[in-house]
Amino acid sequence: MNNINILFKKIYLLLILTFSFFLILVNTSHSAEKIGSIVNLKNEVYALNIDGEKRLLDLYDEILLGDEILTNELSTATVQYNDSSTIIIKQSSSFKVTDFNITGLKDVFFGRVDKGSVIIESGKIAKKTDGSMIIELPTMTLEVKGTRFNIENNPDGTSEVSLSEDSFGNVGTINIASDGEVKTLFDTEQVISVSTETGISERPKTDDEKKELVDVSNDLIEASSIDENAIQQNLEE
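No experiment lies behind these values; they were computed from the predicted model shown.

Caption draft 1: View of the sheet that holds strand β17 (residues 190-195). Read across the open sheet, the 9 strands follow the order β4-β1-β6-β7-β10-β13-β14-β17-β18; overall the sheet is antiparallel. Each having just a single partner strand, β4 (62-64) and β18 (199-204) make up the two edges of the open sheet. Neighbour-to-neighbour, the strand axes of this sheet turn through a mean angle of 25°, independent of strand direction. Here strand β14 (residues 159-164) pairs with β17 via 4 bridges, running antiparallel. Its bridge partner lying in β17, S162 is registered against V191. With respect to the sheet, helix α3 (residues 207-215) is in contact with β10 (117-121), β13 (148-153), β14, β17 and β18, its orientation differing from that of β13 by roughly 130°.

Caption draft 2: Representation of the pairing of β10. Counting buried residues in β10 gives 5 out of 5 residues, a clear majority hidden from the surface. Of the two faces of β10, both are covered, the one formed by S117, I119 and E121 as well as the one formed by V118 and I120. Here strand β7 (residues 86-89) pairs with β10 via 4 bridges, running antiparallel. What sits directly across from T86, in β10, is E121. For β10 and β13, the ladder comprises 5 bridges, and the chain directions are antiparallel. Bridge pairing links S117 to E152 in β13.

Caption draft 3: Local environment of the environment of I119. As for its position among the elements, I119 is in strand β10. Sequence spacing of I119 and R148 is 29 residues, and the spatial spacing of their C-alpha atoms is 7.4 Å. When neighbours within four sequence positions are excluded, I119 is seen to be in contact with T86, I87, I88, K90, R148, F149, N150, E212, L213 and V216.

Caption draft 4: Highlighting the sheet that holds strand β12 (residues 141-145). Strand order in this open sheet of 9 strands is β3-β2-β5-β8-β9-β11-β12-β15-β16, and the pairing throughout is mixed. In this open sheet, the two strands that pair with only one neighbour each are β3 (54-56) and β16 (181-185). Sheet twist, expressed as the mean angle between neighbouring strand axes with direction ignored, is 20°. Sheet topology places strand β2 (residues 45-48) next to strand β5 (residues 68-71); 4 bridges connect them, and they run antiparallel.

Caption draft 5: Local environment of the environment of S85. When you line up the elements, S85 lands in the loop between β6 (76-81) and β7. Taking C-alpha positions, S85 is 4.5 Å from S122, a pair spaced 37 residues apart along the chain. Once residues within four sequence positions are removed from consideration, S85 is found in contact with V79, Q80, F109, E121, S122, G123 and M133. Here G123 takes part through its backbone nitrogen, which lies 2.8 Å from a polar atom of the side chain of S85.

Caption draft 6: Fine view of the packing of aromatic side chains. Scanning the entire structure with this criterion turns up 3 aromatic pairs. With a centroid separation of 5.6 Å and an interplanar angle of 70°, the aromatic rings of F100 and F109 are classed as edge-to-face. The burial state of F100 is the same as that of F109; both residues are buried. Over the face of the ring belonging to Y46 we find K54, whose NZ or CZ atom lies 5.2 Å from the ring centre.

Each value, and the rule that gives it
- Residues numbered from 1 in each chain as written.
- Predicted model: local features only at pLDDT ≥ 70, side-chain atom pairs only at ≥ 80, totals over all residues.
- Heavy atoms only, no water.
- Pairing = 2+ DSSP bridges.
- Helix = DSSP H or I, 4+ residues; strand = E, 2+ residues; numbered from the N terminus.
- Axes fitted to C-alpha atoms, helices over the stretch in contact; angles between N-to-C directions.
- Contact = heavy atoms within 4.5 Å.
- Buried < 20%, exposed > 50% of the residue type's maximum accessible area, 1.4 Å probe, protein only.
- Polar contact = N/O pair within 3.5 Å; in protein donor to acceptor, adjacent residues only side chain to side chain.
- Phe/Tyr/Trp six-rings, centres within 6.5 Å; stacked < 30°, edge-to-face > 60°.
- Lys NZ or Arg CZ within 6 Å of the ring centre and 35° of its normal.

Here's what the structure looks like:
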(Lines give C-alpha, C1' and ligand atoms only; values in the text may rest on other atoms or scores of the structure.)
Protein backbone atom coordinates (compact mmCIF):
# COMPACT_ATOMS: atom_id res chain seq x y z
CA MET A 1 0.00 0.00 0.00
CA ASN A 2 2.86 2.34 0.90
CA ASN A 3 4.53 1.59 -2.40
CA ILE A 4 1.34 2.53 -4.26
CA ASN A 5 1.08 5.80 -2.33
CA ILE A 6 4.71 6.61 -3.09
CA LEU A 7 4.12 5.84 -6.77
CA PHE A 8 1.09 8.11 -6.90
CA LYS A 9 3.05 10.87 -5.17
CA LYS A 10 5.84 10.56 -7.73
CA ILE A 11 3.37 10.66 -10.61
CA TYR A 12 1.63 13.68 -9.07
CA LEU A 13 4.95 15.48 -8.59
CA LEU A 14 5.96 14.69 -12.16
CA LEU A 15 2.69 16.11 -13.47
CA ILE A 16 3.15 19.27 -11.42
CA LEU A 17 6.70 19.74 -12.71
CA THR A 18 5.61 19.11 -16.30
CA PHE A 19 2.74 21.58 -16.03
CA SER A 20 5.01 24.19 -14.43
CA PHE A 21 7.58 23.77 -17.20
CA PHE A 22 4.81 24.16 -19.79
CA LEU A 23 3.61 27.40 -18.18
CA ILE A 24 7.14 28.79 -18.14
CA LEU A 25 7.65 27.80 -21.77
CA VAL A 26 4.37 29.39 -22.86
CA ASN A 27 5.05 32.55 -20.90
CA THR A 28 8.57 32.85 -22.32
CA SER A 29 7.46 32.41 -25.91
CA HIS A 30 4.53 34.81 -25.39
CA SER A 31 6.72 37.52 -23.89
CA ALA A 32 9.27 37.20 -26.68
CA GLU A 33 6.66 37.59 -29.41
CA LYS A 34 7.46 40.22 -32.02
CA ILE A 35 4.49 42.58 -32.39
CA GLY A 36 5.98 45.51 -34.27
CA SER A 37 9.01 47.36 -35.64
CA ILE A 38 10.66 50.76 -35.31
CA VAL A 39 10.01 52.58 -38.61
CA ASN A 40 11.34 55.99 -37.64
CA LEU A 41 13.31 57.44 -34.75
CA LYS A 42 15.30 60.50 -33.74
CA ASN A 43 18.19 60.46 -31.25
CA GLU A 44 18.35 57.90 -28.44
CA VAL A 45 15.27 55.72 -27.91
CA TYR A 46 15.21 52.76 -25.52
CA ALA A 47 13.03 49.73 -24.91
CA LEU A 48 12.54 48.31 -21.42
CA ASN A 49 11.46 44.66 -21.53
CA ILE A 50 9.33 42.77 -19.00
CA ASP A 51 12.48 41.63 -17.16
CA GLY A 52 13.60 45.23 -16.63
CA GLU A 53 16.38 45.02 -19.21
CA LYS A 54 16.97 48.16 -21.24
CA ARG A 55 18.25 48.18 -24.83
CA LEU A 56 19.05 51.00 -27.26
CA LEU A 57 16.80 50.86 -30.32
CA ASP A 58 17.77 51.37 -33.94
CA LEU A 59 15.75 51.79 -37.13
CA TYR A 60 13.81 48.61 -38.05
CA ASP A 61 14.47 46.96 -34.67
CA GLU A 62 11.82 44.54 -33.46
CA ILE A 63 9.39 45.53 -30.71
CA LEU A 64 8.33 42.65 -28.47
CA LEU A 65 5.23 42.15 -26.39
CA GLY A 66 5.66 43.96 -23.08
CA ASP A 67 8.39 46.32 -24.32
CA GLU A 68 8.03 49.83 -22.92
CA ILE A 69 9.41 52.33 -25.44
CA LEU A 70 11.05 55.33 -23.79
CA THR A 71 12.04 58.66 -25.32
CA ASN A 72 13.90 61.57 -23.74
CA GLU A 73 13.59 65.33 -24.18
CA LEU A 74 15.45 65.15 -27.51
CA SER A 75 14.12 61.93 -29.04
CA THR A 76 11.02 60.58 -30.79
CA ALA A 77 10.04 57.20 -32.22
CA THR A 78 7.48 55.76 -34.60
CA VAL A 79 6.39 52.14 -34.23
CA GLN A 80 4.30 50.14 -36.66
CA TYR A 81 2.55 47.16 -35.08
CA ASN A 82 1.52 43.96 -36.83
CA ASP A 83 -2.10 45.09 -37.26
CA SER A 84 -0.86 48.26 -39.05
CA SER A 85 -1.46 50.46 -36.00
CA THR A 86 1.13 53.25 -36.05
CA ILE A 87 2.21 55.06 -32.89
CA ILE A 88 4.30 58.24 -32.82
CA ILE A 89 5.93 58.56 -29.39
CA LYS A 90 6.86 62.17 -28.75
CA GLN A 91 9.59 63.60 -26.52
CA SER A 92 9.86 62.49 -22.86
CA SER A 93 7.14 59.87 -23.32
CA SER A 94 6.50 56.16 -22.98
CA PHE A 95 4.32 53.56 -24.68
CA LYS A 96 3.83 49.87 -23.93
CA VAL A 97 1.64 47.11 -25.35
CA THR A 98 0.62 44.64 -22.65
CA ASP A 99 -1.56 42.33 -24.78
CA PHE A 100 -1.68 41.82 -28.54
CA ASN A 101 -3.41 39.17 -30.63
CA ILE A 102 -4.54 39.12 -34.25
CA THR A 103 -4.76 35.34 -34.64
CA GLY A 104 -7.15 34.31 -31.87
CA LEU A 105 -10.92 34.20 -31.48
CA LYS A 106 -10.90 37.90 -30.51
CA ASP A 107 -8.34 40.41 -31.78
CA VAL A 108 -6.95 42.59 -28.99
CA PHE A 109 -4.57 45.52 -28.65
CA PHE A 110 -4.04 46.69 -25.07
CA GLY A 111 -1.59 49.57 -24.56
CA ARG A 112 -0.45 51.98 -21.85
CA VAL A 113 0.76 55.59 -21.94
CA ASP A 114 2.12 56.29 -18.46
CA LYS A 115 3.81 59.58 -19.29
CA GLY A 116 4.13 62.14 -22.06
CA SER A 117 2.37 62.30 -25.41
CA VAL A 118 1.66 59.96 -28.31
CA ILE A 119 -0.26 60.10 -31.58
CA ILE A 120 -1.96 56.86 -32.61
CA GLU A 121 -3.38 55.83 -35.96
CA SER A 122 -5.31 52.68 -35.17
CA GLY A 123 -5.02 49.64 -37.42
CA LYS A 124 -7.03 46.54 -38.26
CA ILE A 125 -7.92 45.55 -34.70
CA ALA A 126 -9.69 48.82 -33.84
CA LYS A 127 -11.47 48.84 -37.19
CA LYS A 128 -12.94 45.33 -36.80
CA THR A 129 -16.41 44.98 -35.30
CA ASP A 130 -15.22 42.32 -32.85
CA GLY A 131 -11.76 43.82 -32.32
CA SER A 132 -10.80 45.46 -29.05
CA MET A 133 -8.27 48.28 -28.78
CA ILE A 134 -7.86 49.61 -25.25
CA ILE A 135 -5.37 52.30 -24.23
CA GLU A 136 -4.81 53.04 -20.54
CA LEU A 137 -3.68 56.41 -19.17
CA PRO A 138 -3.02 57.40 -15.55
CA THR A 139 -6.51 58.94 -15.21
CA MET A 140 -8.62 57.24 -17.89
CA THR A 141 -9.17 54.22 -20.10
CA LEU A 142 -9.86 54.58 -23.83
CA GLU A 143 -11.87 52.13 -25.93
CA VAL A 144 -10.96 52.96 -29.53
CA LYS A 145 -12.93 52.31 -32.70
CA GLY A 146 -11.00 53.08 -35.88
CA THR A 147 -9.51 56.57 -35.76
CA ARG A 148 -6.45 58.77 -35.34
CA PHE A 149 -6.07 60.37 -31.94
CA ASN A 150 -3.70 62.31 -29.74
CA ILE A 151 -2.92 61.62 -26.08
CA GLU A 152 -1.37 64.16 -23.71
CA ASN A 153 -0.35 63.49 -20.11
CA ASN A 154 0.32 66.91 -18.62
CA PRO A 155 2.67 67.71 -15.71
CA ASP A 156 -0.30 68.83 -13.57
CA GLY A 157 -1.73 65.28 -13.66
CA THR A 158 -4.39 66.02 -16.28
CA SER A 159 -4.74 63.64 -19.23
CA GLU A 160 -6.25 64.75 -22.54
CA VAL A 161 -7.41 63.00 -25.70
CA SER A 162 -8.58 64.32 -29.06
CA LEU A 163 -9.28 62.70 -32.42
CA SER A 164 -9.11 63.53 -36.12
CA GLU A 165 -9.57 61.97 -39.53
CA ASP A 166 -7.30 59.01 -40.22
CA SER A 167 -5.25 58.53 -43.39
CA PHE A 168 -8.37 57.36 -45.24
CA GLY A 169 -10.51 60.33 -44.20
CA ASN A 170 -12.50 58.33 -41.64
CA VAL A 171 -13.36 59.42 -38.11
CA GLY A 172 -14.08 56.83 -35.45
CA THR A 173 -15.10 57.08 -31.82
CA ILE A 174 -13.41 56.80 -28.44
CA ASN A 175 -15.24 55.74 -25.28
CA ILE A 176 -13.52 57.40 -22.33
CA ALA A 177 -13.96 55.89 -18.88
CA SER A 178 -12.76 57.47 -15.65
CA ASP A 179 -13.81 56.78 -12.06
CA GLY A 180 -17.13 55.23 -13.07
CA GLU A 181 -17.98 57.97 -15.57
CA VAL A 182 -18.10 57.29 -19.35
CA LYS A 183 -18.07 59.79 -22.21
CA THR A 184 -17.93 59.15 -25.97
CA LEU A 185 -15.68 61.37 -28.09
CA PHE A 186 -16.73 61.62 -31.75
CA ASP A 187 -16.21 65.34 -32.52
CA THR A 188 -12.85 66.26 -34.09
CA GLU A 189 -13.24 69.82 -32.77
CA GLN A 190 -13.24 68.80 -29.08
CA VAL A 191 -10.68 67.72 -26.48
CA ILE A 192 -11.66 65.59 -23.49
CA SER A 193 -9.70 66.22 -20.30
CA VAL A 194 -9.65 64.12 -17.15
CA SER A 195 -8.36 65.29 -13.78
CA THR A 196 -8.43 63.43 -10.48
CA GLU A 197 -9.86 66.58 -8.88
CA THR A 198 -12.48 67.72 -11.44
CA GLY A 199 -13.26 64.51 -13.35
CA ILE A 200 -14.16 64.61 -17.06
CA SER A 201 -14.41 67.97 -18.85
CA GLU A 202 -14.52 69.13 -22.45
CA ARG A 203 -12.98 72.08 -24.33
CA PRO A 204 -12.56 73.21 -27.95
CA LYS A 205 -9.43 72.08 -29.79
CA THR A 206 -6.86 74.84 -30.34
CA ASP A 207 -5.60 75.76 -33.81
CA ASP A 208 -2.17 74.34 -32.95
CA GLU A 209 -3.72 71.03 -31.91
CA LYS A 210 -5.70 70.83 -35.14
CA LYS A 211 -2.59 71.57 -37.18
CA GLU A 212 -0.50 68.95 -35.38
CA LEU A 213 -2.91 66.12 -36.13
CA VAL A 214 -3.12 67.20 -39.79
CA ASP A 215 0.63 67.74 -40.24
CA VAL A 216 1.43 64.30 -38.88
CA SER A 217 -0.31 62.71 -41.89
CA ASN A 218 2.87 62.58 -43.97
CA ASP A 219 4.76 60.80 -41.18
CA LEU A 220 1.99 58.22 -40.79
CA ILE A 221 1.69 57.62 -44.54
CA GLU A 222 5.47 57.19 -44.81
CA ALA A 223 5.46 54.73 -41.93
CA SER A 224 2.60 52.68 -43.40
CA SER A 225 4.41 52.40 -46.75
CA ILE A 226 7.30 50.46 -45.18
CA ASP A 227 6.51 46.77 -45.59
CA GLU A 228 7.85 43.74 -43.73
CA ASN A 229 10.16 42.77 -46.60
CA ALA A 230 11.94 46.13 -46.45
CA ILE A 231 12.37 45.77 -42.68
CA GLN A 232 13.78 42.25 -43.03
CA GLN A 233 16.15 43.35 -45.78
CA ASN A 234 17.53 46.18 -43.67
CA LEU A 235 17.95 43.87 -40.68
CA GLU A 236 19.94 41.41 -42.80
CA GLU A 237 22.15 44.20 -44.14
